Amino acid sequence: MLPRRLMTVLHLKCAFTPVVKAQGTSKLLPCSLAPWSCTSWRFLMLGVSRHNGDKKRDSSSTRQERVIRRGATGTFTLFTAGAARKRAELAKSKLGNKLIDIPKVANTAKTSIPINPLSVDEWKKMKADAYNKTRFEVSMMEKLLSNHADIDVAKSLLVFVTMETGTIGYELLLKYLALCVQGHHLNEVLDVYAIMKTKFKTMDIGANSLFISGFSKTDRWKEALIFLDSIKKMINPSPRNYGDVIISALQHKEVETAWKLLNEMESRNLQPNEETLQAFFDCVKSSCDKQHENMMMNILSYLRDNQIYPGESLLHSIQSWFESLPGRVWEGHKTTIEYSGECHICNTLLESIQLSDEEYNILRDCVMNDVIQGRDVFKKTTPEELQHFQSFVKSRLPFDVVIDGLNVANISAKGTQSRILLEVVSHLAQQNLRLLVLGRKHMLRGTRNWDKSHMAAIQKYADCFFTSNISEDDPFLLYATILSGNHCTFVSRDLMRDHKACLINKNARRLFFKWQRGHQLVLSHYNPGHKIKFEVITKYDTIMQSTQNTWHIPYEEGGVERSSYEVPHRWLCLQNITEKK
């Protein structure tokens, strides 16, 4: 509690202070590569052949898949969780001694923080020695907050301020409140609220948020709903604001109140924190209430629809909830999934990474409307160039592979850009695939990096379209790939995040990411004159999914740094083994 003398003073005196270089129909080379050297998506996926009568190609595809399946376990791809971190570490190791660690210089000008409470005279002396005397008190309270200091030290600072000025400003009191909430000093939180409620007509978002966090941990938790309503009048509350109240409601067995707030979050397009969702599973564990079970199933559907991957803590609560369901016996095991999509534990085949016809049509329409015909498309090209390209593509459809020429050419510092592009194009051409190469005009000028003979050979193997040097390739690549059909893939290391963000519909963004992971060919590594290898495209979708007797949940592995465009490779397999028992 605050000292009585300080409480009295505070109550009385607190104050506010295109050149189109097409060769007509592509001149494709015959398929002459040995089956084990072909690692394109076309050869990885069974049954996707434009020439159904070509038995030689089908048998080659089958042999290729067996090779990939044997080597797929533990494969790191562009979309595997931790891949970005691994690439960064690899790049750093290649630089070696070129990286010089700059030693950190200690800031000797920092004012020391008292370990024990100080008297008024001691605070006065410390302020006199301080560099910035005007904001000494606020600055000191900030340091106490950042260092998780003893609350009694902060109280002694407030006594000093009160005795020296007769008042405590709003900003200083707010930072003291933050320290109280941080240290779970709940009685002090209630004291500060009583003071601020009396002396200040209104309180800002920060104060209301702190009171939500503090009050939700007390028996007066329902008052946190009042603070939440106050924030709603100003801005959209944060997931943390909602989460604090929801967790408190669940702890007091107010499940309906918590569920209502969770639905309100969804209506405001707010994603709940993992701790919030975990509280639901922990609260209704072993419950026989069918309504509670339906709630948990709705949460699992929410995680699936929004492609949210639970961390290990939430995963444990989900597993515990399943295993606690009365009258049923569920068993959970952590596992990995085969390249084919088969679970090691239960042998269930997971959902395909390939879009259904209905999903593909939805995605195609959204990409055409939001990305290709979007408001900012002509910042990346001109209306004339886009129309020319659309006519060019429509007259040559369908393609099997669309290649981002510049992106591929810059994959390695070994060899010239044109040579790299030629080797990749010729490799794909030898597999009897219809190719479209997208490039820029400067690639045709004949320079050291862009050999004219290489570019001429590329144009014999593939249809080519060269845009203006100021144009962006990605919208053209997406247009040609999507329009060619669900079988068409594209070669690029670009993550397409900007274009995914252009999609207005949330479901369309999910479908785009699924389509991208199933259709993007990425060179795993390149050495001039050596075998071309692409990263493996898995056959299954990394998304929470279920059958009548199983659930498969991909989860965030502890210690693995996952970027937003990456997906986990660890799974929880849950089986209903009631009948076996």
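Note that the structure is a prediction, hence the values are computed from the model and not measured.

Explain the packing of helix α20 (residues 417-429) against helix α21 (residues 452-461) here, please?
The geometry of a pair of packed helices is captured by two quantities: the angle between their axes and the separation between those axes. Taken N-terminus to C-terminus, the directions of α20 and α21 make an angle of 20°; their axes are 9 Å apart at the nearest point. The orientation of α20 with respect to α21, classified from their angle, is roughly parallel. In the packing of α20 onto α21, the handedness of the crossing is left-handed. In this structure, α20 uses Ser418, Arg419, Leu421, Leu422, Val425, Ser426 and Ala429 to contact α21, whose residues at the interface are His454, Met455, Ala457, Ile458 and Tyr461. For the contact of α20 with α21, a count of residues per class yields eight nonpolar, three polar and one charged.

Just checking my understanding: could you explain the side chain of Asn486 for this structure?
Tracing the backbone through its elements, the reader meets Asn486 in the loop between α22 (474-484) and β5 (489-491). One polar contact links the side chain of Asn486 to the main-chain carbonyl oxygen of Leu355, over a distance of 3.0 Å. Setting aside residues no more than four positions away along its own chain, Asn486 makes contact with Gln354, Leu355, Tyr360, Trp515 and His519.

For this particular structure, what's the right way to read the sheet that holds strand β9 (residues 545-546)?
Whether parallel or antiparallel, the strands of a sheet pair through hydrogen bonds between backbone atoms. With respect to topology, four strands assemble into an open sheet ordered β1-β11-β10-β9, the strand pairing being antiparallel. Bordering the open sheet on either side are β1 (330-335) and β9, each of which pairs with just one other strand. Relative to strand β11 (residues 570-576), strand β10 (residues 550-555) runs antiparallel, the two sharing six bridges. Across the sheet, the residue bridging to His552 is Cys573, located in β11. Taken strand by strand, helix α16 (residues 312-324) contacts β1, β10 and β11, and its axis lies near 155° from that of β1.

Explanation requested: the pattern of salt bridges in the structure shown.
Pairs can form between side chains of opposite charge once their charged atoms are near each other. Under the counting rule described, the total for this entry stands at 23 salt bridges. Residue Arg434 is joined to Asp463 by a salt bridge in which the shortest nitrogen-to-oxygen separation is 2.9 Å. You can see Arg434 sitting in the loop between α20 and β3 (435-440) and its partner Asp463 sitting in strand β4 (residues 463-467), a full 29 residues away along the chain. Assessed through its relative accessible area of 16%, Arg434 is described here as buried. The class for Asp463 is buried, based on a relative accessible area of 1%.

For this particular structure, what's the right way to read the sheet that holds strand β6 (residues 520-521)?
Judged by pairing direction, the sheet is parallel, and its five strands sit side by side in the order β4-β3-β2-β5-β6 without closing on themselves. In this open sheet, the two edge strands, each paired with only one partner strand, are β4 and β6. Alignment of β5 against β6, held across two bridges, turns out to be parallel. Residue Val491 lies in a different strand from β6, and its bridge partner there is Leu521. In the packing of α20 onto the sheet, the strands contacted are β2 (401-404), β3 and β5, and the crossing angle to β3 comes to about 165°.

So, how was this worked out
Residues numbered from 1 in each chain as written. Predicted model: local features only at pLDDT ≥ 70, side-chain atom pairs only at ≥ 80, totals over all residues. Heavy atoms only, no water. Axes fitted to C-alpha atoms, helices over the stretch in contact; angles between N-to-C directions. Helix = DSSP H or I, 4+ residues; strand = E, 2+ residues; numbered from the N terminus. Parallel < 35°, antiparallel > 145°, perpendicular 65-115°, else oblique. Left-handed = near helix turned anticlockwise from the far one by under 90°. Contact = heavy atoms within 4.5 Å. Nonpolar A, V, L, I, M, F, W, Y, C, P; charged D, E, K, R; others polar. Polar contact = N/O pair within 3.5 Å; in protein donor to acceptor, adjacent residues only side chain to side chain. Pairing = 2+ DSSP bridges. Salt bridge = Lys/Arg side-chain N within 4 Å of Asp/Glu carboxyl O. Buried < 20%, exposed > 50% of the residue type's maximum accessible area, 1.4 Å probe, protein only.

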